[in-house]
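Structural description and commentary
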Amino acid sequence: MSGVSDGTRRQEGLPGLTGLTDESALQNLTDYSPGESGKALDAMRMEVFVEAMTPPGPVHLQELEQEALAEGVPIIRPQTQNLIRFFLAVKRPARILEIGTAVGFSALFMQYYAPADCRITTIEKDPQRAEKARGNFIRYGRKNTCGRAEDIVLLEGDAAQVLGEIREDSSFDLIFMDAAKGQYIRFLPDALRLLSPGGIMITDNILQEGEILTSRFAVTRRNRTIHARMRAYLHALMEEEQLETLLLPTGDGAAVSLKR
Ligand SMILES: C[S@@+](CC[C@H](N)C(=O)[O-])C[C@H]1O[C@@H](n2cnc3c(N)ncnc32)[C@H](O)[C@@H]1O
């Protein structure tokens, strides 16, 4: 993250690591020794370390992040923020498509770090979240020289349908997929159609808190469908001839796909 100046941090997945400042977070790393759950602790230590090493972002993003977390709204994790920020710098996209707006944190994050003339389209199906996001775009979004909020276009509805209605083939240089994990496989054909050659697609939460590594026989009944769909999605990404895909353990796992 981009960091939170008062030292409070996202606690998702970091039991016991509450209220750390950047320095104390680094200090705290020495308190852990790998035991039976050494690998889980290593992942936590890595997350804390990366957060502590990352300079704070702008105050408006810090505020919005804290607000979203306090309200229990899931937003991109610090390591994923760094990943997106990196690809925004590499790609310098003119157009971004996001699937899964929530309250607009990642859209505003991308607007802040993308080139000034970058246009963002984002899709959200939950009406209350969409309304909140619209308010946040006005409150925190980039303003033009007349002081008016520059548009982030929010398309409200189920991405499975909305994506099909976007007719601008090959026009998005960066696509960020961050909606219901079980639906990614349904979104893929349209995402491929809309991504420009040389464009990057980042898919978040591919690890499903580590469960994707588990055999399908060991997955709880409740999670079997989503596990199967995510596995199918990852196979589809890896086997798709138009894409070159890298699977990364960043955050809750991210796939980075380049369209040839
Ligand atoms: C993890 S949150 C997105 C977080 C956001 N990208 C951020 O980091 O600030 C996922 C969002 O996707 C939305 N969503 C889930 N399935 C969807 C679908 N089929 N179409 C559109 N939005 C969907 C959910 O309502 C939720 O707000």
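Up top is the structure.
Only a predicted model underlies this, so the values are computations on that prediction, with no experimental measurement involved. (Residues numbered from 1 in each chain as written. Predicted model: local features only at pLDDT ≥ 70, side-chain atom pairs only at ≥ 80, totals over all residues.)

Turning to the overall build of the protein chain, a few remarks are in order. Check the secondary structure of the protein chain and you find 9 helices and 7 strands. Counting only residues that meet the buried cut, the protein chain has 39% of its 260 residues in that class. If you take every contact in the protein chain between residues at least 6 apart in sequence, the share linking residues at least 24 apart comes to 67%. (Helix = DSSP H or I, 4+ residues; strand = E, 2+ residues; numbered from the N terminus. Buried ≥ 20, exposed ≤ 12 C-beta atoms within 10 Å, placed from the backbone. Contact = placed C-beta atoms within 7 Å.)

Within helix α8 (residues 184-194), burial applies to Tyr-184, Phe-187, Leu-188, Asp-190, Ala-191, Leu-192 and Leu-194. Where α8 is buried, its residues meet β1 (95-99), α7 (159-165), β4 (172-177), β5 (195-204) and α9 (224-239).

Direction of pairing for strand β6 (residues 243-248) relative to strand β7 (residues 254-259): antiparallel, over a ladder of 6 bridges. Bridge pairing in β7 links Leu-247 to Ala-255. Between β6 and β7, which pair antiparallel and follow one another directly, the connecting turn spans 5 residues, one of which, Gly-251, has a positive phi of 60°. (Pairing = 2+ DSSP bridges.)

One finds Ile-96, Phe-105, Ile-175, Met-177, Ala-191 and Ile-202 to be the most contacted residues of the largest nonpolar core, which totals 55 residues. Among the elements that make up this core, the one with the highest residue count is α8 (6 residues). With sequence-adjacent residues up to four places away left out, Ile-96 is seen in contact with Met-110, Ala-114, Cys-118, Ile-120, Phe-172, Leu-174 and Phe-176. (Core = buried A, V, L, I, M, F, W, Y, C linked by C-beta atoms within 7 Å.)

Closest axis-to-axis distance for the α8/α9 pair is 9 Å, and the angle between their directions is 25°. Judged by the angle between their axes, α8 and α9 are roughly parallel. Only Arg-229, Ala-232, Tyr-233 and Ala-236 of α9 make contact with α8, whose side of the interface consists of Tyr-184, Ile-185 and Leu-188. Of the residues that constitute the contact of α8 with α9, the class distribution is 6 nonpolar, no polar and 1 charged. (Axes fitted to C-alpha atoms, helices over the stretch in contact; angles between N-to-C directions. Parallel < 35°, antiparallel > 145°, perpendicular 65-115°, else oblique. Nonpolar A, V, L, I, M, F, W, Y, C, P; charged D, E, K, R; others polar.)

Glancing now at the site of the ligand. Residues in close proximity to the ligand total 19 residues, the closest being Gly-100, Phe-105, Ser-106, Ala-159 and Ala-180. Within the residue set of the shell around the ligand, elements represented by two or more residues are α5 (105-113), β2 (119-124) and α7. Partitioning the shell around the ligand into residue classes produces 10 nonpolar, 3 polar and 6 charged. (Near = placed C-beta within 6 Å.)

The topology assignment puts Gln-111 in helix α5. Classification of Gln-111 as buried rests on a count of 24 C-beta atoms within 10 Å. Apart from the residues lying within four places of it in its own chain, the contact partners of Gln-111 are Ile-120, Gly-141, Arg-142 and Ile-152.

Helix length check: helix α3 (residues 59-70) (12 residues) gives 16 Å between terminal C-alpha atoms against 16 Å at 1.5 Å per residue, within 8%. Every buried residue belonging to α3 is among Leu-61, Leu-64, Glu-65 and Ala-68, and all of these are buried. One face of α3 carries all of its buried residues, which in axial projection span an arc of 100°. Opposite the buried face of α3, at more than 90 degrees from it, the exposed residues are Val-59 and Ala-70. One or two positions beyond α3, positive phi appears at Gly-72, with a value near 75°. (Expected span 1.5 Å × (residues − 1). Arc of directions from axis to C-beta.)

What is shown is where atoms sit, not what they do.
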